Every structure is written in C-alpha cells, then in structure tokens.
Amino acid sequence: MSAEYQRYIEDISDDIKACLEAMGCQPILFIGSGLTKRYLNGPNWEELLQILSETCPEIDKKFAYYKQRYTDPIDIGEVFSEKYNEWAWGAGEKNFPKELFEQENPPDIYFKYSIANLFNELTKSQNPANQDEISLLQKIHPHSIITTNYDQLLEQIFPDYEPIIGQKILYANNASIGEIFKIHGCSSIPESIVVNRSDYDSFCKKKKYLSAKLLAFFAEHPLVFIGYSAEDPNIKSILSDIDEILSENGDLIPNIYILEWSREPLIEYQRRERLIPVAENKSVRIKSIVAHDFSWVFQAFAANKALENVNPKLLRALLARTYELVRSDIPKNPIQVDYTVLSNVSEVDGELAKLYGIANAADGVAFNANYPFTLSAIGKALGFKGWHDAQKLLEIVKNSTGVDIKSFDNIYHCAIMNGEVVQSHRYSALLKRLLEKVKSGEEYTLELKK
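Residues numbered from 1 in each chain as written. Predicted model: local features only at pLDDT ≥ 70, side-chain atom pairs only at ≥ 80, totals over all residues. Heavy atoms only, no water.

Quick look at the overall build of the protein chain
Consideration 1: If you tally the helices and strands in the protein chain, you get 18 helices and 10 strands.
Consideration 2: By the burial criterion, 47% of the 450 residues in the protein chain qualify as buried.
Consideration 3: If you take every contact in the protein chain between residues at least 6 apart in sequence, the share linking residues at least 24 apart comes to 72%.
Consideration 4: If you sum the accessible surface of the protein chain, you get close to 23400 Å²; carbon and sulfur atoms cover 51% of it. (Helix = DSSP H or I, 4+ residues; strand = E, 2+ residues; numbered from the N terminus. Buried < 20%, exposed > 50% of the residue type's maximum accessible area, 1.4 Å probe, protein only. Contact = heavy atoms within 4.5 Å. Areas by Shrake-Rupley, 256 points an atom, 1.4 Å probe, with all protein chains shown as cover.)

Written out as structure tokens, the structure is:
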C-alpha cells in the first residue's frame with residue numbers, strides 16, 4: 001500500500017471516529033445492490049431486468065431494444081410486468097403457484113414472484129463471499145439499516161435485526177433499534193416489491209412521509225451509503241428531500257458518507273467529498289470514501305463499542321416497553337463526578353477507575369475540570385455548528401506539525417479508555433485557545449507535556 005493512500009485511510013478513519021464520538025450513537029447503514037453483488041455476485045437492477053427478459057417467452061425482443069425505447073428502467077419493469085402476466089395466463093402457467101391465479105391478486109404479481117424467486121434461490125444456493133469483511137460489517141452494530149434491496153442477505157448478516165417491509169415502515173417506532181427498513185419491498189413478500197412505473201408512482205406519493213420519518217435518523221446519527229454509486233437515483237431522491245433541513249447554503253453535511261468501490265487497489269490520496277446533483281440547480285455535499293477493500297472502513301465505523309455485547313432483539317423489546325420521559329426541567333449540563341465516592345465501592349483500589357482509563361479515581365474531579373470539552377463542545381465554543389470544523393482544525397495542526405494531538409494524552413487531550421479500547425476523547429481549554437489561533441491564522445506553538 002502506498003504512503004499516500006495509507007495517509008488517506010488514516011485521515012478518513014480519524015474523521016469517522018470523530019463523527020461517532022461527537023454524535024454519541026451508532027451509525028445507520030443505507031444499503032444498495034452493490035452489497036449483494038459484492039458478497040453474492042447478485043445482479044444490479046439493469047442486470048436483473050436482462051435476466052428476466054431471457055426467462056419469459058412473451059418478451060420476444062433483445063433487452064437492448066427495451067433499453068433503446070425506454071430510458072428509465074422502471075418503465076421497462078412496467079412492460080415486463082404485462083408480458084409476465086400474459087405468459088402466466090398462457091403457456092407459462094405451470095411456472096407459478098396456483099394461489100397466484102386467484103382474482104384478488106394484482107396483474108403484476110407474476111413478474112414480482114419471478115423476481116422474488118430469483119433472489120430467494122440466490123441466497124439459498126451459496127454462502128456469502130469475503131466472510132472476514134462481513135464479520136467486520138457485523139461489528140458496526142448499526143442502529144438501523146435502510147435498504148432498497150429485495151434480497152434477504154442483510155437478514156443473514158444481521159440475524160437479530162427485524163425486517164420492516166414496505167408500508168409498515170410508515171408505522172414503525174422511530175425510537176426503536178435493530179431494524180432493517182426495506183423501503184422497496186422484500187423477496188419474502190413478492191407483492192411488496194417496487195419495480196414498475198405504477199409501483200414507483202405510489203411510492204413517490206408516500207416518499208415525503210418516509211423521508212420525514214427517516215429525517216430524525218439522518219440528523220441524529222452518522223449515516224453511510226454502501227453499495228450505491230453517487231449517481232444512483234435512490235440516493236438523489238432521498239437527499240433531495242432532506243438537504244434543506246440538514247444543510248444550509250450548500251454546506252457539507254458532516255455526518256453523511258458514501259462508500260464507493262474502486263475496481264483496482266488504490267495508491268493515490270482520494271477525494272473526501274462528493275457533490276451530488278439532486279435536482280436542477282440543486283446539489284448536496286456529502287463525505288466520500290473510496291476503497292477497494294472495505295475492511296478498514298468497517299473497522300472505523302465499528303470504533304464505538306457501546307453495543308458490542310447487546311442483543312438488538314432484547315434492546316428492541318425493552319424500548320417497546322419503555323415510556324418516554326418528557327420533562328423540560330431535566331438537567332442538560334455536564335455533571336461533575338466525584339470519583340472518590342465511587343472508588344469506595346471497589347474492593348480493589350483503582351479497579352473502578354481503570355474502567356474509565358483514569359490512573360487515580362481521587363483525581364476524577366480534577367480530570368473533569370482539566371478536560372471539560374467534547375469535540376462538539378469545542379466546535380461550538382469556536383463558533384461552529386458542531387464537531388466537524390473543529391476536527392478540520394485538528395487536521396491542520398497534524399499536517400503542519402506532524403503531531404496528532406488525539407493519538408496520546410497531553411495537556412490538550414485525554415482519552416477515556418474501556419480496557420484497551422478508546423471509548424471517548426476529552427479536551428482542555430488549552431486546546432480551545434490553540435484552535436482559536438489556528439482558526440484566525442495566528443502563529444502557535446505546541447506544548448505537549450502534561
């Protein structure tokens with residue numbers, strides 16, 4: 001691996017970890033067909049339509065003909081739905097279950113059944129490739145997963161997560177956790193699949209409600225698109241509905257990432273932002289991650305170990321049985337903790353303190369006084385909206401001095417440990433003053449001794 005791309009990996013990983021720490025919650029994954037192609041060699045949308053065109057005798061022209069005549073794949077889906085209906089009620093009857101011929105079924109059920117059957121056979125016939133990478137994906141422990149995929153690969157990767165399919169998403173509890181939102185339907189329920197023009201017209205009518213429901217997720221969690229290209233209409237459609245709330249004046253949305261696959265291993269420093277056009281004269285800026293091997297990306301998003309030993313099914317059940325406490329007088333300011341009191345409950349001196357990565361529990365109050373800031377608090381103290389611009393200033397310091405302040409304990413920064421893993425970072429007023437100088441372009445000197 002080249003030094004340039006290694007530096008890119010380190011910078012992106014630092015940014016992801018800073019985002020996780022600042023937002024204090026698990027990421028949300030938005031999954032497209034590229035994930036199924038990566039692990040099951042499954043088809044993308046166009047490849048799916050081409051396979052289905054070769055299965056039905058009523059589709060008597062080459063797929064290229066339909067590509068020429070219809071610019072949008074959903075219009076091809078509409079034509080194929082009619083062709084499959086004609087085939088099912090003729091020579092192809094034996095290829096479909098008897099119950100599909102009951103009059104209450106919609107006419108496109110035969111096309112959707114064929115799609116569902118193709119993906120069901122795909123997931124049954126082979127084990128996913130690249131198990132090491134999948135293991136790292138599992139360790140992210142996402143808050144929730146949103147997908148436009150029809151297949152059930154995600155249910156295999158995250159067996160404790162509950163699939164919420166189609167219309168049921170509109171009634172789902174936003175506060176819940178451990179769910180897979182299948183916004184375009186699922187092969188387990190063929191009639192739920194969104195694949196033709198009439199389906200999409202119906203979906204678009206409800207999309208505003210769906211986007212409003214997902215907005216809370218997008219605003220409060222790190223979000224990463226996986227298995228999509230930046231030009232994918234699904235991404236553009238969702239971002240076009242939410243950018244006015246998440247972004248002002250075309251500013252970068254700091255908590256949304258798109259992971260793009262490179263066919264070849266990389267050697268150069270890659271782009272870190274993507275400008276995605278979502279409508280005429282309207283674009284959205286999100287963060288870009290370019291990788292051939294996704295392992296390091298998944299490791300970075302798995303940096304928050306909070307849910308490592310928590311069963312999402314159990315947590316979902318607990319949340320479903322919990323009343324929301326709606327109080328305006330609950331304290332929201334940081335509480336100074338006297339670790340001297342807490343140390344008295346430990347039978348072995350210092351053991352409780354080690355849980356927090358503090359050498360001496362008696363110094364707890366001093367620790368809070370010396371390192372009172374989170375990165376978000378530093379950012380706001382500097383006049384920014386949050387953590388992201390403060391992280392940029394830290395990167396300027398790192399690039400200009402060669403010192404990564406966050407990589408060790410010093411007068412500016414201290415890591416709070418959970419065993420051997422960094423659980424969070426805290427910062428001093430000295431860092432605030434240092435970054436004020438960086439922000440204003442003044443000269444500065446690092447004083448690193450504690």
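Remarks on helix α5 (residues 73–88)
Consideration 1: With 16 residues, α5 ought to run about 22 Å at 1.5 Å a step, and its terminal C-alpha atoms sit 22 Å apart, in line with that.
Consideration 2: Those residues of α5 that sit buried are Ile74, Ile76, Gly77, Val79, Phe80, Ser81, Tyr84, Asn85, Trp87 and Ala88. (Expected span 1.5 Å × (residues − 1).)

Things to note about the pattern of salt bridges
Close approach of charged atoms allows side chains of opposite charge to pair.
Consideration 1: Tallied over the entire structure, the rule returns 21 salt bridges.
Consideration 2: A salt bridge links Lys67 to Glu46, with the shortest nitrogen-to-oxygen separation between them at 2.9 Å. With Lys67 in helix α4 (residues 63–69) and Glu46 in helix α3 (residues 45–53), the pair connects residues that are 21 residues apart, well separated along the chain.
Consideration 3: Here Lys67 falls in the partly exposed class, since its relative accessible area comes to 38%.
Consideration 4: Sharing partners across several salt bridges, the network here consists of Glu4, Arg7, Asp11, Asp14 and Lys398. (Salt bridge = Lys/Arg side-chain N within 4 Å of Asp/Glu carboxyl O.)

Describing helix α17 (residues 387–401)
Consideration 1: With 15 residues, α17 extends 21 Å between its outermost C-alpha atoms, agreeing within 8% with the 21 Å of an ideal straight helix rising 1.5 Å per residue.
Consideration 2: Among all positions in α17, only Trp387, His388, Ala390, Gln391, Leu393, Leu394, Glu395, Val397 and Lys398 are buried.
Consideration 3: Where α17 is buried, its residues touch α1 (3–23), β6 (252–261), β8 (282–291), α16 (375–381) and α18 (429–440).

What about the packing of α3 against helix α6 (residues 109–125)?
Consideration 1: Running from amino to carboxyl end, α3 crosses α6 at an angle of 110°, the nearest separation of the two axes being 11 Å. Comparing their axes, α6 and α3 come out roughly perpendicular. Where α3 crosses over α6, the handedness of that crossing is right-handed. Of the residues in α6, those touching α3 at Leu48, Leu49, Ile51 and Leu52 are Phe111, Ser114, Ile115, Leu118 and Phe119. (Axes fitted to C-alpha atoms, helices over the stretch in contact; angles between N-to-C directions. Parallel < 35°, antiparallel > 145°, perpendicular 65-115°, else oblique. Left-handed = near helix turned anticlockwise from the far one by under 90°.)

Side note on the confidence of the model for the protein chain
Consideration 1: When the pLDDT values of the protein chain are averaged, the result is 82; 79% of them are 70 or greater.
Consideration 2: Mean pLDDT in the protein chain bottoms out at helix α14 (residues 351–355), which sits at 42, and peaks at helix α8 (residues 153–157), which reaches 96.
Consideration 3: Considering only residues more than four positions removed or in separate chains, one finds that residues 319–362, a stretch of pLDDT under 50, has 39 contacts. (pLDDT = per-residue confidence, 0-100.)

Section: the sheet that holds strand β2 (residues 144–147)
Consideration 1: If you walk across this open sheet you meet the eight strands as β3-β4-β2-β1-β5-β6-β8-β7, and the pairing is mixed. With partners counted over all chains shown, the strands left at the sheet margins are β3 (162–165) and β7 (273–279), one partner each. Strand-to-strand twist of the sheet, defined as the mean angle between neighbouring strand axes without regard to direction, takes the value 25°.
Consideration 2: Note that β2 and strand β4 (residues 179–182) share four bridges and pair parallel. (Pairing = 2+ DSSP bridges.)

Section: the environment of Thr445
Consideration 1: Position of Thr445 among the secondary structure elements: in the segment after α18.
Consideration 2: With 44 residues separating them in the primary sequence, Thr445 and Thr401 have C-alpha atoms 9.3 Å apart.

Observations regarding the packing of aromatic side chains
Consideration 1: A complete count under the given rule lists 25 aromatic pairs for this structure.
Consideration 2: Taken together, a centroid distance of 5.7 Å and an interplanar angle of 80° make the contact between Tyr84 and Trp87 edge-to-face. Of this pair, Tyr84 and Trp87 both sit in helix α5, three residues apart, which is roughly one turn of the helix.
Consideration 3: Under the relative-accessibility criterion, Tyr84 is labelled buried at 0%.
Consideration 4: Given the relative accessible area of 9%, Trp87 is considered buried.
Consideration 5: Three or more aromatic residues joined by ring pairs form one cluster here, namely Phe63, Tyr65, Tyr66, Phe80, Tyr84, Trp87, Trp89, Phe96, Phe101, Tyr110, Phe111 and Tyr113.
Consideration 6: Taking the ring centre of Phe294 as reference, the NZ or CZ of Arg38 above it sits at 3.8 Å.
Consideration 7: Its guanidinium or amino end placed over the ring of Phe384, Lys439 lies 4.6 Å from that ring's centre, counting from NZ or CZ. (Phe/Tyr/Trp six-rings, centres within 6.5 Å; stacked < 30°, edge-to-face > 60°. Lys NZ or Arg CZ within 6 Å of the ring centre and 35° of its normal.)

Quick look at the packing of α1 against α17
For any two helices packed against each other, one specifies the crossing angle of their axes together with the interaxial distance.
Consideration 1: The N-to-C vectors of α1 and α17 enclose an angle of 145°; their axes lie 10 Å apart at closest approach. Here α1 and α17 pass one another in a crossing that is right-handed. Counted together, Asp11, Asp14, Asp15, Ala18, Cys19, Ala22 and Met23 of α1 and Trp387, His388, Gln391, Glu395 and Lys398 of α17 form the full contact between these two elements.
Consideration 2: Residue composition of the contact of α1 with α17, grouped by class: five nonpolar, two polar and five charged. (Nonpolar A, V, L, I, M, F, W, Y, C, P; charged D, E, K, R; others polar.)

A look at the environment of Ala18
Consideration 1: With respect to the helices and strands, Ala18 occurs in helix α1.
Consideration 2: A relative accessible area of 1% places Ala18 in the buried class.
Consideration 3: C-alpha of Ala18 to C-alpha of Ala300: the two residues are 282 residues apart in sequence and 10.0 Å apart in space.
Consideration 4: In this structure Ala18 touches Leu375, Trp387, Gln391 and Lys406, once residues within four positions along its chain are discounted.

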